[in-house]
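Working through the structure, step by step
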Amino acid sequence: MTSDSLQINNVNKAFTRQSKYYDDYDKQNSTLTWMRQQVRKHVLKYLRPNDKILELNSGTGLDAEFFAQKGFLVHCTDLSDGMVEQMKEKFTSGNFSDKITIQQCSFTELDKIGNRKYDFIFSNFGGLNCIPDLRESTKYFPSLLNKTGRVSLVILPPVCPWELIQLFRGKIKFAFRRFNKGGTMANVEGVKFKTYYFSAPNVMRSLGNDFKLLKLESLAVFTPIPQMEKIPKKFPSLAKVLNKIDERISGVFPFNRIGDHIIVTAEYIVKD
Ligand SMILES: C[S@@+](CC[C@H](N)C(=O)[O-])C[C@H]1O[C@@H](n2cnc3c(N)ncnc32)[C@H](O)[C@@H]1O
């Protein structure tokens, strides 16, 4: 087995295991809930009426359901057997069957989608951090987007203040894990796979010169990252204050480039 196919297999296995209780965990983690709200608010600002959305690494389809409820058509893609199963259970019949379509597909094989075109490509919560070079996915974007199509990519960047300050607790490896050039081993549900971290300029370079940056925003610069869920549980009022501070500074340099995740939104400019 090549290292690429081992990575794909392990990502599939890890997220398939996680898929069964993914939604429950998402709901009970107040930081994740807040971050998801921030992402949706951001994306709604850049969506235009009747936009067709292509969602990469959709997971269980939590965001697809939200955008479908707002009236958008969403084509959901994910690699993981379990995540795709969850989406099929939720969306194949009932209220969403005319708004949401599902395809099991890696974002490194987007040619499998065929000749369809979209107005918006969306990837939430670090799915794209599972590949070493974003161009493995972004190379397909121009052929999938309509003129002036937009993308919002929610990515784990290298600089995360809450991880860096773990240095003072002696957790040196953890504090600097996002700086490993060759990627860092993640352990999801006992399955290990590599994770890679990308700065905002790195994301823009991967999109190429035909994309213009519209907005850069951060998630959780001051808010403790979702893994530190004990903090908001113990100090809910403090967590709310930190959420508010983040909401104020999320779009302001240099805070918009650091944090647990960054949201990079860009527009495809077709040259005549
Ligand atoms: C942290 S989850 C995020 C899921 C969802 N976007 C959300 O916001 O809840 C990461 C997702 O990325 C998917 N993923 C990882 N590598 C992928 C790949 N090469 N192609 C498609 N999906 C992938 C995983 O299966 C998983 O569902």
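Data block above holds the structure.
Residues numbered from 1 in each chain as written. Predicted model: local features only at pLDDT ≥ 70, side-chain atom pairs only at ≥ 80, totals over all residues.

1. Some words on the packing of helix 1 (residues 3-19) against helix 5 (residues 81-91)
Quick note on the threshold: Fitted lines through C-alpha atoms give the axes, limited to the stretch in contact for helices. The angle between two N-to-C directions lies from 0 to 180 degrees. Helix numbers and strand numbers start at the N terminus; a helix is a DSSP run of H or I with at least 4 residues, a strand a run of E with at least 2. Orientation categories follow fixed angle ranges, with anything under 35 degrees roughly parallel, anything over 145 roughly antiparallel, 65 to 115 roughly perpendicular, and all other angles oblique. For every residue pair, C-beta atoms are placed from the backbone, and the pair is scored as a contact if these atoms sit within 7 Å. Residues are grouped as follows: nonpolar covers Ala, Val, Leu, Ile, Met, Phe, Trp, Tyr, Cys and Pro; charged covers Asp, Glu, Lys and Arg; every other residue, Gly included, is treated as polar.
Contact pair helix 1 / helix 5: the axes reach a minimum separation of 6 Å and the direction vectors enclose 40 degrees. The angle between the axes of helix 1 and helix 5 places the two elements in the oblique class. The residues of helix 5 that touch helix 1, namely those facing Asn12, Phe15, Thr16, Arg17 and Ser19, are Asp81, Gly82, Met83, Glu85 and Gln86. Here the residues of the contact of helix 1 with helix 5 are counted per class, giving 2 nonpolar, 5 polar and 3 charged.

2. Notes on the nonpolar core
The tendency in soluble globular proteins is for nonpolar side chains to be buried side by side. Condition: Note on terminology: a nonpolar core is a set of buried residues of type Ala, Val, Leu, Ile, Met, Phe, Trp, Tyr or Cys, with members joined through C-beta atoms within 7 Å. Note on burial: count the other C-beta atoms lying within 10 Å of the residue's C-beta; 20 or more is buried, 12 or fewer is exposed, in between is partly exposed, and C-beta positions come from the backbone.
By size, the foremost hydrophobic cluster in this structure holds 65 residues, and its most contacted members are Ile53, Val74, Ile121, Leu144, Ile155, Val203 and Val264. Contacts of Leu144, omitting those with residues within four sequence positions, involve Leu54, Leu110, Ile113, Lys117, Tyr118 and Ile121.

3. Side note on the site of the ligand
Quick reminder of the rule: Nearness rests on one distance test: the residue's C-beta atom, set from the backbone, must lie within 6 Å of the molecule or strand.
Lining the immediate environment of the ligand, one finds 19 residues, of which Phe15, Asn57, Gly59, Ser80 and Gly127 sit closest. Mapped onto the shell around the ligand, the elements with two or more residues apiece are helix 1 and helix 4 (62-69). Looking at the shell around the ligand, its residues break down into 8 nonpolar, 9 polar and 2 charged.

4. Focus on the pairing of strand 3 (residues 100-104)
The condition is simple: For two strands to be treated as a pair, DSSP must find at least two bridges joining them. Here, the term right-handed applies to a crossover whose path from the first strand over the helix to the second runs clockwise when the strands point away from the viewer.
Relative to strand 3, strand 2 (residues 73-78) runs parallel, the two sharing 5 bridges. Residue pairing for strand 3: Thr77 is matched across the bridge by Gln103. With helix 5 bridging strand 2 and the parallel strand 3, this β-α-β connection has right-handed handedness.

5. What to know about the pairing of strand 5 (residues 145-155)
For strand 5, a buried count of 8 out of 11 residues is recorded, marking the element as mostly surrounded by other parts of the structure. In this sheet, strand 9 (residues 261-268) lies alongside strand 5 in antiparallel orientation, the contact comprising 6 bridges. Bridged to Val151 within strand 9 is Ala266.

6. Quick look at unusual backbone geometry
Of note, the bond from Phe253 into Pro254 is cis; its omega dihedral lies within 30 degrees of zero at 0 degrees. Of note, Pro254 is situated in the loop between helix 12 (236-249) and strand 9. Positive phi, normally seen in glycine, also occurs at Phe125, with a value near 55 degrees. Tracing the backbone through its elements, the reader meets Phe125 in the loop between strand 4 (118-123) and helix 6 (135-138). Here Thr148, not a glycine, exhibits a phi torsion of approximately 60 degrees, which is positive. Assignment of secondary structure puts Thr148 in strand 5.

7. A few points about helix 3 (residues 30-46)
Cut-off, in case you're wondering: Expected helix span is taken as 1.5 Å per residue step, with the number of steps being one fewer than the number of residues.
An ideal rise of 1.5 Å per residue puts 24 Å on 17 residues; helix 3 measures up with 25 Å between its terminal C-alpha atoms. Inspection of helix 3 places Thr31, Leu32, Trp34, Met35, Arg36, Gln38, Val39 and Val43 among the buried residues, and these make up the whole buried set.

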